[in-house]
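Spelled out from the first residue to the last, the chains are:
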Amino acid sequence: MSRYKFALSAKIKGMVEWQLEHYHEDKRQLEQYKTDLIPSPVQKYSQTAGCLHSVGRSTEDTVERIATNAYVMQTERSCRAIEAVLGRLDRTDSQLVDLVYWKQSYSAEGAGMKLNLSRTATYNHINNILCTIALEMGYVSI
């Protein structure tokens, strides 16, 4: 019997925790990756004739590469799901996420003590956060 109203399997919980811990890093890497896919605004000239080397549809090609890239699609989906959940968290839950997953300055129990939560309340809050993210990502359904 589970201690919670809704519980995640160990694998899904681990995946959600990892994505939550690396949320800010993933967002930075995603933006850098997209920037790297965008070609230089400097025109390329042929060395032989001095004319434009390859006139094409570089903007459309770039958009297509970004829009169809599996890494970009999955990372954007993950970041959007986490952002959606973060936007709905109350102050206590936001502080738990910050202390436990982002700053990693406290264990769950230590963060709970800092926020005047009992051990049980702390783990209930964390479980609810992780379950909500898993639902938003489509890893589980109710």
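All figures in this text were calculated on a predicted structure; none of them were measured in a lab.

A closer look at the nonpolar core
Proteins that are soluble and globular tend to have nonpolar side chains buried together.
Part 1: With 27 residues, the main nonpolar core has Leu 8, Leu 20, Leu 130 and Ile 133 as its most contacted residues.
Part 2: Setting aside residues up to four positions removed in sequence, Ile 133 forms contacts with Val 16, Leu 20, Ile 82 and Val 85.

Overview of the packing of aromatic side chains
Part 1: Summed over the entire model, instances satisfying the criterion amount to one aromatic pair.
Part 2: Here Tyr 23 and Trp 102 contribute two aromatic rings whose centre-to-centre distance is 6.0 Å and whose plane-to-plane angle is 20°, an arrangement assigned as stacked. Taken together, the residues span a long stretch of sequence, with Tyr 23 in helix H2 (residues 23-37) and Trp 102 in helix H5 (residues 91-102) at a distance of 79 residues.

Comments concerning the pattern of salt bridges
Part 1: Here the structure, examined in full by the defined rule, presents four salt bridges.
Part 2: Residue Arg 88 is joined to Glu 136 by a salt bridge in which the shortest nitrogen-to-oxygen separation is 3.3 Å. Residue Arg 88 is found in the loop between helix H4 (70-86) and H5, and its partner Glu 136 is found in helix H7 (residues 119-137); the two are separated by 48 residues along the sequence.
Part 3: On the basis of relative accessibility, which here comes to 53%, the residue Arg 88 falls in the exposed class.

Overview of the environment of Thr 132
Part 1: Along the chain, the position of Thr 132 falls in helix H7.
Part 2: Dropping the residues within four chain positions of it, Thr 132 is found in contact with Val 85 and Arg 88.
Part 3: In this structure the side chain of Thr 132 is engaged in a polar contact, spanning 2.6 Å, whose partner is the backbone oxygen of Asn 128.

Notes on the environment of Tyr 33
Part 1: Looking at the secondary structure, you find Tyr 33 in helix H2.
Part 2: Ignoring any residue separated from it by four or fewer positions in sequence, one finds Tyr 33 in contact with Asn 69, Tyr 71 and Val 72.

A few points about helix H1 (residues 10-21)
Part 1: Here H1 contains twelve residues, and its C-alpha end-to-end distance of 16 Å stays within 8% of the 16 Å for a straight helix at 1.5 Å per residue.
Part 2: Residues of H1 that are buried include every one of Ile 12, Val 16, Gln 19 and Leu 20, and no others. Here the buried residues of H1 occupy an arc of 100° about the axis, which is enough to place them on one side. For H1, exposure combined with an orientation more than 90 degrees from the buried face picks out Ala 10 and Lys 11.

Some details on the packing of H1 against H7
Part 1: Running from amino to carboxyl end, H1 crosses H7 at an angle of 90°, the nearest separation of the two axes being 10 Å. Here H1 lies roughly perpendicular to H7, going by the angle between them. The residues of H7 that touch H1, namely those facing Ile 12, Lys 13, Val 16, Glu 17, Gln 19 and Leu 20, are Leu 130, Ile 133, Ala 134 and Met 137.
Part 2: Taken together, the residues that form the contact of H1 with H7 break down as seven nonpolar, one polar and two charged.

Details of the confidence of the model for the protein
Part 1: With 75% of its residues at a pLDDT of 70 or more, the protein has an overall mean of 84.
Part 2: Per-element confidence in the protein ranges from a low mean pLDDT of 64 for helix H3 (residues 58-68) to a high of 97 for H5.

Focus on the environment of Gln 29
Part 1: With respect to the element layout, Gln 29 can be found in helix H2.
Part 2: Note on Gln 29: relative accessible area 38%, which makes it partly exposed.
Part 3: Considering only alpha carbons, one finds Gln 29 and Val 72, 43 residues apart in sequence, at a separation of 9.8 Å.

Criteria and thresholds
Residues numbered from 1 in each chain as written. Predicted model: local features only at pLDDT ≥ 70, side-chain atom pairs only at ≥ 80, totals over all residues. Heavy atoms only, no water. Core = buried A, V, L, I, M, F, W, Y, C linked by side-chain atoms within 4.5 Å. Buried < 20%, exposed > 50% of the residue type's maximum accessible area, 1.4 Å probe, protein only. Contact = heavy atoms within 4.5 Å. Phe/Tyr/Trp six-rings, centres within 6.5 Å; stacked < 30°, edge-to-face > 60°. Helix = DSSP H or I, 4+ residues; strand = E, 2+ residues; numbered from the N terminus. Salt bridge = Lys/Arg side-chain N within 4 Å of Asp/Glu carboxyl O. Polar contact = N/O pair within 3.5 Å; in protein donor to acceptor, adjacent residues only side chain to side chain. Expected span 1.5 Å × (residues − 1). Arc of directions from axis to C-beta. Axes fitted to C-alpha atoms, helices over the stretch in contact; angles between N-to-C directions. Parallel < 35°, antiparallel > 145°, perpendicular 65-115°, else oblique. Nonpolar A, V, L, I, M, F, W, Y, C, P; charged D, E, K, R; others polar. pLDDT = per-residue confidence, 0-100.

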